Every structure is written in C-alpha cells, then in structure tokens.
Amino acid sequence: MLRKILAVIVSYVVFAASAVLLFNLTGEKPHADTTINFKIITAVYGIFFSVLSGLILQLIARTKNLTLNFILAFIMAAFAAVSLLTSDGSHWTQLFAIIIFAPASLLGGIIYLKRKSAR
C-alpha cells in the first residue's frame, strides 16, 4: 500500500515540477496570456511529462491495472480545477491540465502495461 501511495506522490511531483521548471526557465507567467507558439510548446512539453509521470507511477507501483493512473489523473485535474476557480488571469494552463495533461497521464500507464504484457 505504501508503495502505491508513494508512486502517486512521486509521479505527481514529476508532473508538477516539470511545469514549475518550464515557467521558471522561460520567464512566462502561468496565469497570463501568451503566444500561440508558447501554448503549443507547453502542450507538447506537458503531454510528454504527463505520459512520463503515468509511466513512472507504474514503474514504482508495479500494478496490473490503471486504477492508480486514474487516481493520478484525478489529482492532476482536481488541483487544476481548484486553481481555475481560485486564481485570477488567464486559465489556459489549468484547462490544458484538465483537458489534455490529466488524460495523457493514463497513456503512460497504458504503455507500461502493454509493454509488460508483451514480455
């Protein structure tokens, strides 16, 4: 049980830390409007780290189903929804997290489980 809890926490931290890193390195503000080019870069970057976080979750948890990936996706979407409701400014980052990144984290689990079953 502890391994599963740790897997969810670590995988969420991977996702969240990657977002913090992106905005710190670029100097962009996550709650400010920005160019379409930066939004596209953010989407691709966020999808990569979302899939990675779902994969890391499975590597740590060693489960045979996507239950924990659904929990991770729910947590990602829930934190984004809270931010959406409580922050000022543009909400594109929160919408990306809810609509794109949370579901993309499931893909990491799917990839892991398909590769594992193919062995």
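As a reminder, the structure under discussion sits directly above these lines.
Peer 1: Residue-level account of the overall build of the protein chain, with values.
Peer 2: Across its full length, the protein chain holds four helices and zero strands. In sequence order, the secondary structure elements of the protein chain are arranged as α-α-α-α. Computed over the C-alpha atoms, the radius of gyration of the protein chain is 15 Å, within 12% of the 14 Å expected from 2.2 N^0.38 for a compact globule of 119 residues. Across its three principal axes, the protein chain shows a C-alpha extent of roughly 45 × 25 × 20 Å. Looking at the protein chain as a whole, 37% of its 119 residues are labelled buried. Restricting the contact set of the protein chain to residue pairs at least 6 apart, pairs at least 24 apart contribute 76%.

Peer 1: Describe the nonpolar core, listing the residues and the values that go with them.
Peer 2: Ranked by internal contacts, the top residues of the largest apolar core, which has 20 residues, are Leu57, Met76 and Phe101. Per-element tally for this core: the top contributor is helix α4 (residues 92-118), with six residues. If near-sequence neighbours (up to four positions away) are discounted, Leu57 is found in contact with Ala7, Val8, Ser11, Arg62, Leu68, Asn69 and Leu72.

Each value, and the rule that gives it
- Along each chain, the written sequence defines residue order, and numbers are assigned to residues from 1.
- Under the rules for a predicted model, residues below a pLDDT of 70 receive no local features and side-chain atom pairs below 80 are neither given nor counted, while totals for whole chains, interfaces and linings still include all residues.
- Calculation of side-chain values draws on the structure's entire complement of heavy atoms; hydrogens and water are dropped beforehand.
- Under the DSSP-based scheme used, a helix requires at least four consecutive residues in state H or I and a strand at least two consecutive residues in state E, with every element numbered from the N terminus.
- In this description the radius of gyration comes from C-alpha coordinates, and the expected globular size is given by 2.2 Å times residues to the power 0.38.
- When a residue's accessible area, from a 1.4 Å probe over protein chains only, is under 20% of the maximum for its type it is buried; when over 50% it is exposed; and in between it is partly exposed.
- Pairs of residues are marked as contacts when any of their non-hydrogen atoms sit within 4.5 Å.
- Residues enter a nonpolar core if they are buried and are Ala, Val, Leu, Ile, Met, Phe, Trp, Tyr or Cys, with the set joined through side-chain atoms within 4.5 Å.

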